Amino acid sequence: MATTALSVCGYNLIDCTWTSVYLITSELFPTVLRNTGQGTGSTSARIGGILAPYVALMGTLPGLSIAFPVVTFAVVATLAGILMYWIPETLFSAMHQTIEEAEAAKDDYGIPCCGRRLNRQRKSAAEENDAIKMEDLSDEIIEGD
């Protein structure tokens, strides 16, 4: 019973990460490179799916413990989780249309604030990107509903 529950839980988590490949790549890349980025992300995920059964079978090889595939999957998953901190936050940011827009944009590498928007206050050209004010989204109620 516990094995079945863990298998279903693992399958659901794998499904979520598969979907996130499409979400992240569609938000990170500018329009002119979006298809290439999604294709590269999808290809990487499929290569991982092809290699996974072979890594799992390495536990049956003589001289290797069953812990080897478990440790391998754990290290790869932990590394992927750590590397996610180097992906910029795209919440409330405009999608870039050209490569020049993407290179000129200031990326936000902060932890996303649920229900809050980062607004840049206009002070001077030098301080424009330095001043950030948190604004509660509850202030932006659409009137007329």
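The rules behind the values
- Residues numbered from 1 in each chain as written.
- Predicted model: local features only at pLDDT ≥ 70, side-chain atom pairs only at ≥ 80, totals over all residues.
- Heavy atoms only, no water.
- Helix = DSSP H or I, 4+ residues; strand = E, 2+ residues; numbered from the N terminus.
- Buried < 20%, exposed > 50% of the residue type's maximum accessible area, 1.4 Å probe, protein only.
- Contact = heavy atoms within 4.5 Å.
- Areas by Shrake-Rupley, 256 points an atom, 1.4 Å probe, with all protein chains shown as cover.
- Lys, Arg positive; Asp, Glu negative; His and termini not counted.
- Salt bridge = Lys/Arg side-chain N within 4 Å of Asp/Glu carboxyl O.
- Polar contact = N/O pair within 3.5 Å; in protein donor to acceptor, adjacent residues only side chain to side chain.
- pLDDT = per-residue confidence, 0-100.
- Patch = residues over 30% accessible without salt bridge, like charges linked within 9 Å, V, L, I, M, F, W, Y side chains within 5 Å.
- UniProt positions renumbered as here; feature names shortened; annotations may be inferred.
- Axes fitted to C-alpha atoms, helices over the stretch in contact; angles between N-to-C directions.
- Parallel < 35°, antiparallel > 145°, perpendicular 65-115°, else oblique.
- Left-handed = near helix turned anticlockwise from the far one by under 90°.

**Observations concerning the overall build of the chain**
Move 1: From N to C terminus, the chain includes four helices and two strands.
Move 2: Listed N to C, the secondary structure of the chain is α-α-α-α-β-β in terms of helices and strands.
Move 3: Per-residue burial over the chain gives 9% buried out of 145 residues.
Move 4: In the chain, once contacts between residues fewer than 6 apart in sequence are set aside, the share between residues at least 24 apart is 32%.
Move 5: Accessible surface, the chain as shown: approximately 11,400 Å² in total, 65% of it carbon and sulfur.

**Concerning the side chain of H96**
Move 1: Mapped onto the fold, H96 is located in the loop between α3 (67–83) and α4 (99–104).
Move 2: When its relative accessible area of 19% is taken as the criterion, H96 is described as buried.
Move 3: Discounting residues that sit within four places of it in the chain, H96 has contacts with F29, P30, T31, R34, E101, A102 and A105.

**Structural notes on the side chain of R34**
Move 1: Relative to the helices and strands, R34 resides in helix α2 (residues 34–57).
Move 2: There is no salt bridge for the buried R34, and the closest opposite charge comes from E101, which lies 8.3 Å off by N-O distance.
Move 3: Of note is the side chain of R34, whose polar atom sits 3.0 Å from the backbone oxygen of F29.
Move 4: Here the side chain of R34 touches T31 through a polar contact of 3.3 Å, side chain to side chain.
Move 5: For R34, the residues in contact, after removing those within four places along its chain, are T25, S26, F29, M95 and H96.

**Some remarks on the confidence of the model for the chain**
Move 1: A residue-level look at the chain finds 75% of positions with pLDDT of 70 or above and a mean pLDDT of 75.
Move 2: Per-residue pLDDT, averaged within each element of the chain, yields its smallest value for strand β2 (residues 132–136) (43) and its largest for α2 (89).
Move 3: A low-confidence stretch, residues 120–145 (pLDDT under 50), is modelled with 31 contacts involving residues beyond four sequence positions or located in other chains.

**Describing a nonpolar patch on the surface**
Move 1: A cluster of nonpolar side chains, namely I47, I50, L51, Y54 and L57, defines an oily patch on the protein surface of about 540 Å² accessible area.
Move 2: Secondary-structure assignment places L51 in helix α2.

**Notes on the UniProt feature "transmembrane region" (unreviewed entry) in the chain**
Move 1: Mapped onto this numbering, the UniProt entry gives "transmembrane region" (unreviewed entry) at residues 66–87.
Move 2: When the span residues 66–87 is considered, its composition is 77% helix and 0% strand, and the gap between its end C-alpha atoms is 33 Å.

**Quick notes on the packing of helix α1 (residues 2–28) against α2**
The relative placement of two packed helices comes down to the angle between their axes together with the axis-to-axis distance.
Move 1: One can describe the packing of α1 onto α2 by two numbers: an axis separation of 9 Å at closest approach and a directional angle of 155 degrees. The angle between α1 and α2 falls in the class roughly antiparallel. When the axes of α1 and α2 are compared, the crossing they make is right-handed. Residues W18, V21, Y22, T25 and S26 of α1 form the contact with α2, whose participating residues are R34, G37, Q38, G41, S42, A45 and R46.

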